[in-house]
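Secondary and tertiary structure notes
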Amino acid sequence: MTTSRWSSLGVVILLGCMPLATLASCGTDQSTGGNGSDDGGGDDATTDGLSAGDAAQGGDGAQSGDATVDQDAGGGGDGACVPVTSCPPTVTCGHYTDPCSGTTMVCGSPCPKGQVCTGTGNSQSCQAPACAGKCGVIGVDSCGVAIVCPGCTGGLDCVNNVCVPPTDAGADAGGCSTLTCTPSPNTNLCGTVTDGCGNTLQCSCPAGTQCVGNICQATPLECDTDAGTKCGSIPNACGSGRVQCGNCTGTNTCTSGTCTPCAPPSCNGATCGSVSNGCGPAVSCGTCSGGEACADGGCCTPSTCAAAMDAGLVTGCTPIDLGCGVKKDCSPCPGTDVCLADGGCCAPSTCAAALDAGLVTGCTPVDLGCGVKKDCSPCPGTDVCLADGGCAPCVPKTCADFSNDGCSHNAGCGVVLNCCAAGTTCQNGLCCPPGEVDFQNTCCKPQCDPNLPPGPQISCGQTILCGKG
C-alpha cells in the first residue's frame, strides 16, 4: 500500500490564521493561493532550509510581530517602519507582504516547472527541488500552494514525510467528522470534502469568489496586476498553479491572459453584411431587401433558374452560379438518383435487387453502382465482419492482455475491463485499497494529522474535516 499525507507544514496556513479575510497578518495572502495543480513547476518539491515557521508564513518569511524584520524591511534605519510600494530586489517570485503596511504584492516572474518559490526574510527566489528522503506534502510555497514530494513505493506508508513500513500511527485520531461546507463562519470550502471515513460532500463557492486550494477566495492578487488588465486563466506568481481571472470588458479582448484594447472594425463603404477584424464584436453594415443578396459588402440581385435555363446555362444536375455569390441546383435528380460529376443523374441499385442477383455473399459492402456501396447483410448484434465476408462473435480482450492489472481498459466489443484484485476499487485507472484515492497517479489514503487542531486539512489532494463533529 502506498499512501501520502499532509505534514503539519501544509495545513497551518488553513487553520492558524482564520478568518480568511485576515490572512495577510500571517505573512502571506491566502486569497491568491493556487489549486495544487501541476500546471507550474513548484508543486512537486521543496528546498533545503524550509522550516515549519517558513511554511506557516507562506514561504515569504515576513513574520508578523518581528520588530527587527519590520524595521529592516521598511528601510527606515532609525527604528521607524516605512511602508514600501514595490517588492525588494531580492524577492524575485511569488507573494511578498510588506511588514509595515501589511500589503501583499506580486513579485518577479513565476518559477519554471521543477522549481519552487520560497525563502526567508527579504530573500525569496525560485530554487531547485530537494525531495531526497522525503515524501508527501512538506510545506507550502510563497503562494500558499502545497509542495509535494513523490509518494512512497514498495508498500511503504508516508508518515511525517518519511517512508516507513505500514503502521497504524497515522490513523485518524480524531474520529469521523460531520461533513459541512462551512466549518467556520468565515470559511467556505469547495470541491470534494471528505470526513476521513469514506464519506464525501461536494461544495461550491458563492458568487464573486472562486475555488483556490479547496477554499473559496476573492479575486487573486495576480488578477489585480496592471489595474485589472489580467483575464482568463493565468499562472500564479509562483508558477505552482493557475488562477482564474475575469473576462475583459467593452471592446477589449483577452490575449495571452491580458486584456488588450482593440479598434472596432469599420464597414469601410460596405452597405450590407457584417465585418470583423478578429478583435471585439462584429459590426453590422446593413441588410438587403427583397430577393437581393449581399456580396462583397454590397447588395445585388442574383439571376434565377428560369433565366439560367433560357440562357442555356443549365446542362445537368450540378449547381450553377447565379451571381451575387449564389449557387443553386436548377435541375436536381429525381428521387434517390445520384448526381454524377459530369452532371448526369444515376439510379443506384438496391440491396433487394443485389440479393436477387446473388451479389450479396456476406457482410462486406456491395457495390450498388453510381458510386454507392452498402452493407446489405450486416452481422447481428456485436458480431464482427471478417475479411472473407463471414460473421464472427466479437471477442473482447482479457485481463491477461493488460498484465492482470489496472482498470477502465477498453477491451473492445463495447466492453470496459476492470482487472483490479478482490478488495480493491478502480480509481481513475488505478486499483486502490478501500478508502484510498488516486492522487498524482498513486493510491493515497486521506488521513488527519493528529498533531493539528480540529478543522479542515488537505490530504491526498482532498479537503478532509478532522476532529469530532
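Please refer to the structure higher up on the page.
Here is a short report on the structure shown in this document. (Residues numbered from 1 in each chain as written. Predicted model: local features only at pLDDT ≥ 70, side-chain atom pairs only at ≥ 80, totals over all residues. Heavy atoms only, no water.)

**Here's the deal with unusual backbone geometry**
Despite not being glycine, Cys 324 shows a phi value in the positive range, around 60 degrees. Inspection of the secondary structure puts Cys 324 in the loop between strand 21 (320-323) and strand 22 (326-328). You will see that Asn 428, though not glycine, has its phi angle at about 55 degrees, which is positive. With respect to the secondary-structure elements, Asn 428 resides in the loop between strand 31 (425-427) and strand 32 (430-432). Judged by relative accessible area, which is 68%, Asn 428 ranks as exposed. (Helix = DSSP H or I, 4+ residues; strand = E, 2+ residues; numbered from the N terminus. Buried < 20%, exposed > 50% of the residue type's maximum accessible area, 1.4 Å probe, protein only.)

**Comments concerning the state of the cysteines**
A full pass over the atoms with the stated rule returns 23 disulfides. Disulfide pairing is shown between Cys 317 and Cys 339; the S-S distance is 1.9 Å. Across the S-S bond of Cys 317 and Cys 339 the torsion is about 90 degrees, and the bridge reads as right-handed. Placement of the pair is Cys 317 in the loop between helix 5 (305-310) and strand 21 and Cys 339 in strand 23 (residues 338-339), with a sequence separation of 22 residues. Residue classification places Cys 317 among the buried positions, given a relative accessible area of 2%. Cys 339 sits in the partly exposed class, given a relative accessible area of 35%. (Disulfide = S-S within 2.5 Å.)

**What about the sheet that holds strand 10 (residues 200-203)?**
Overall, mixed pairing links the four strands, which are arranged 10-9-36-35 in an open sheet. For this open sheet the edge positions go to strand 10 and strand 35 (455-459), each flanked by a neighbour on one side alone. Ignoring which end each strand starts from, the neighbouring axes of this sheet average 35 degrees apart. (Pairing = 2+ DSSP bridges. Axes fitted to C-alpha atoms, helices over the stretch in contact; angles between N-to-C directions.)

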